[in-house]
Amino acid sequence: MSEKHDASENNDDAGKNQIWGGRFQDGPSAIMEAINASIDVDKRLWREDIAGSLAHSTMLARIGVLSADEVAKIHDGLGQIAAEIEAGTFPFSTALEDIHMNIEARLIALIGAPGERLHTARSRNDQVATDFRLWVRSAANGAAEAISALQNALVQLAAKHAGTVMPGYTHLQTAQPVTFGHHCLAYVEMLERDRGRFLDAAARMNECPLGAAALAGTSFPIDREMTAHALGFDRPTANSLDSVSARDFALEATGTASLTAVTCSRLAEEIVLWTSPHFGFAALSDAFSTGSSIMPQKRNPDAAELARAMVGRINAGHQTLLVVMKGLPLAYSKDMQEDKAATFAVFDALELVLAAMTGMIKDLTINADAMREAAGNGYSTATDLADWLVRVLGLPFRRAHHVSGAIVAIAEEKNLALDALTLEEMQSVEPQITNDVFNFLSVDASVASRTSYGGAAPKNVLAQVDRWLATLKGRDQ
Ligand code: ARG
């Protein structure tokens, strides 16, 4: 706000009569500048903006709108601007509103007349749409890569714990024994869908709006195929109005970020549970724990809690963008300038979340004994008993369920595990039961039997680990 813009041209009497004008001693032009400027946010688009201008000017030279000498000067000037921004010496100005005008003004200051020709057959509307698409495309691809890294960490952990028995839960009540490797691979599957959504979104947004100009296209014989390909797009967008007003690509990406954050929050929550002394299934090292300022015994899983909480920030960014876009008439409206702060916040948070999740998964130490002990509690093999009654004695499942339930009731009353009951105690409920049943009541026997496709058996887990290792390796190449 300190830099005064020559906005006096807008500082007319009508402006001063605004109800909020009186509070601002500098008058409406100052607040106008403050609300209008986006440079503090959109300076992050400088690389994309320069790439767009390089492609545009090269194309203008190709069609004869710029001379070879002019385009050479423009490219030199843009190179110098990039160097200044990298070095932190670029004179960013709020008065020049946004990254597009900051760069263009600097180009004119550096190279003079040729710089004034750059904006031919272009508008800030197609410029910002192009810059932002480039940024979101790279953010989506970056998120997909970060997801792969997290998947890789989970697959490594699954490989180590293919046979580690843990309680499987429904309603967070002990349900049936599963393997920890199987549990890890569940997240690998979820993350694969999140990753796929990012890649789909990146593919769908891969059309170039540059050349749509303000909203109607241009009378210059521009080559939009050329600029599209120079910027790595598949093709130019086909409708100029849509080109400058579409932001669904960002909504799709931020929506996918929200879903990914939800996936991460569930795993983060499990880390919080597993590392609590009540579960004792896992521990985080000092690198991923924090202490309490008052309770010396505490080891807090703050990174997991924050990753869990950042769904809030990420979903808020997505919601912001939805609300900004809702009901906007075609084509460009300044409302759309609000797209960037929201989207940047989403991807900054998601990057942190994914990195923290990967770090924690690599860091976790698993207490297999505690998992196994918990897996045996709560009569988790009662279903295995019922299955045995069906398979061996030919009981209908509903009847077997009753018998198994009655046996669990006896075990509960005696405070014994199922396999600690005597054969006679079991036969008091169902006289046909034989000693064979005891081969099926341990947690190991239970998980080993879950060999149906997609089931929790260690051998299934190993097969899935192999499949994932091959898939992930293919991605690195
Ligand atoms: N800073 C603007 C934005 O981010 C650039 C486009 C401005 N276009 C306009 N017609 N005022 O949306």
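For the structure, check the block above.
Heads up: these notes are all about the structure in this document. (Residues numbered from 1 in each chain as written. Predicted model: local features only at pLDDT ≥ 70, side-chain atom pairs only at ≥ 80, totals over all residues. Heavy atoms only, no water.)

The biggest cluster of nonpolar side chains holds 93 residues, and the ones touching the most others in it are Leu 154, Phe 198, Ile 271, Trp 274, Phe 347, Met 357 and Ile 361. Sorting elements by how many residues they give to this core places helix H8 (residues 124–160) first, with 14 residues. With residues up to four places along the chain from it excluded, the contact list for Trp 274 reads Met 166, Phe 180, His 183, Leu 267, Phe 279, Gly 280, Phe 281, Ala 282 and Leu 364. (Core = buried A, V, L, I, M, F, W, Y, C linked by side-chain atoms within 4.5 Å. Buried < 20%, exposed > 50% of the residue type's maximum accessible area, 1.4 Å probe, protein only. Helix = DSSP H or I, 4+ residues; strand = E, 2+ residues; numbered from the N terminus. Contact = heavy atoms within 4.5 Å.)

The subject of this paragraph is helix H17 (residues 382–393). With 12 residues, H17 extends 16 Å between its outermost C-alpha atoms, agreeing within 8% with the 16 Å of an ideal straight helix rising 1.5 Å per residue. Of all the positions in H17, only Ala 382, Asp 384, Leu 385, Ala 386, Trp 388 and Leu 389 are classed as buried. Of the surrounding elements, those touching the buried residues of H17 are helix H18 (397–414) and helix H20 (443–448). Once H17 finishes, Gly 394 follows within two positions and takes phi at roughly 75 degrees, a positive value. (Expected span 1.5 Å × (residues − 1).)

Let's shift gears to the site of the ligand. Surrounding the ligand, one finds Ser 38, Asp 42, Asp 98, His 100, Arg 124, Asn 125, Val 128, Tyr 332, Gln 337 and Lys 340. Contacts to the ligand include Asn 125, whose side-chain N or O atom sits 2.9 Å from a nitrogen atom. The side chain of Tyr 332 places a nitrogen or oxygen atom 2.4 Å from an oxygen atom of the ligand. Alone, the ligand offers 340 Å² of accessible surface; in the complex the protein occludes 86% of this. Looking at which element gives the most residues to the shell around the ligand, the answer is H8, with 3 residues. Of the residues contributing to the shell around the ligand, the split by class is 2 nonpolar, 4 polar and 4 charged. (Near = heavy atom within 4 Å. Polar contact = N/O pair within 3.5 Å; in protein donor to acceptor, adjacent residues only side chain to side chain. Areas by Shrake-Rupley, 256 points an atom, 1.4 Å probe, with all protein chains shown as cover. Nonpolar A, V, L, I, M, F, W, Y, C, P; charged D, E, K, R; others polar.)

Two aromatic rings, taken as a pair, are described by how far apart their centres are and by the angle between their planes. The final tally for this structure, using the stated rule, is 9 aromatic pairs. Here Phe 90 and Phe 92 contribute two aromatic rings whose centre-to-centre distance is 4.7 Å and whose plane-to-plane angle is 55 degrees, an arrangement assigned as tilted. Judged by relative accessible area, Phe 90 falls into the buried class, the value being 7%. Geometrically, the ring pair formed by Phe 180 and Trp 274 is edge-to-face, given 5.3 Å between the ring centres and 75 degrees between the ring planes. In this pair, Phe 180 sits in helix H9 (residues 180–204) while Trp 274 sits in helix H12 (residues 248–275), placing the two residues 94 residues apart along the sequence. According to the relative accessible area criterion, Trp 274 is buried, its value standing at 3%. Each residue in the set Phe 132, Trp 135, Phe 198, Phe 249, Phe 344 and Phe 347 is aromatic and connected to the rest through ring pairs, giving one cluster. A cation over a ring is seen here: Arg 44 above Phe 344, with NZ or CZ 4.7 Å from the ring centre. Just above the ring of Phe 132 sits the side chain of Lys 340; from NZ or CZ to the centre is 5.5 Å. (Phe/Tyr/Trp six-rings, centres within 6.5 Å; stacked < 30°, edge-to-face > 60°. Lys NZ or Arg CZ within 6 Å of the ring centre and 35° of its normal.)

Right, let's talk about unusual backbone geometry for a bit. Cis geometry is adopted by the peptide bond preceding Ala 331, which originates at Leu 330 and carries an omega value of 0 degrees. With a phi close to 55 degrees, Leu 172 is a non-glycine residue in the positive phi region. Relative to the assigned elements, Leu 172 resides in the loop between strand S1 (165–170) and strand S2 (173–179).

Turning to a nonpolar patch on the surface, a few remarks are in order. Residues Leu 215, Leu 241 and Leu 330 make up a contiguous nonpolar surface patch of roughly 270 Å² in combined accessible area. Along the chain, Leu 330 falls in the loop between helix H14 (311–325) and helix H15 (339–363). Relative accessible area serves as the criterion here: at 63%, Leu 330 is assigned to the exposed category. (Patch = residues over 30% accessible without salt bridge, like charges linked within 9 Å, V, L, I, M, F, W, Y side chains within 5 Å. Salt bridge = Lys/Arg side-chain N within 4 Å of Asp/Glu carboxyl O.)

As a further point, take the environment of Arg 399. Tracing the chain through its elements places Arg 399 in helix H18. Among the residues examined, Arg 399 registers a relative accessible area of 43% and is labelled partly exposed. Note: C-alpha distance between Arg 399 and Thr 254 (145 residues apart in sequence) is 50 Å.

Honestly, it's all geometry; don't read function into it.
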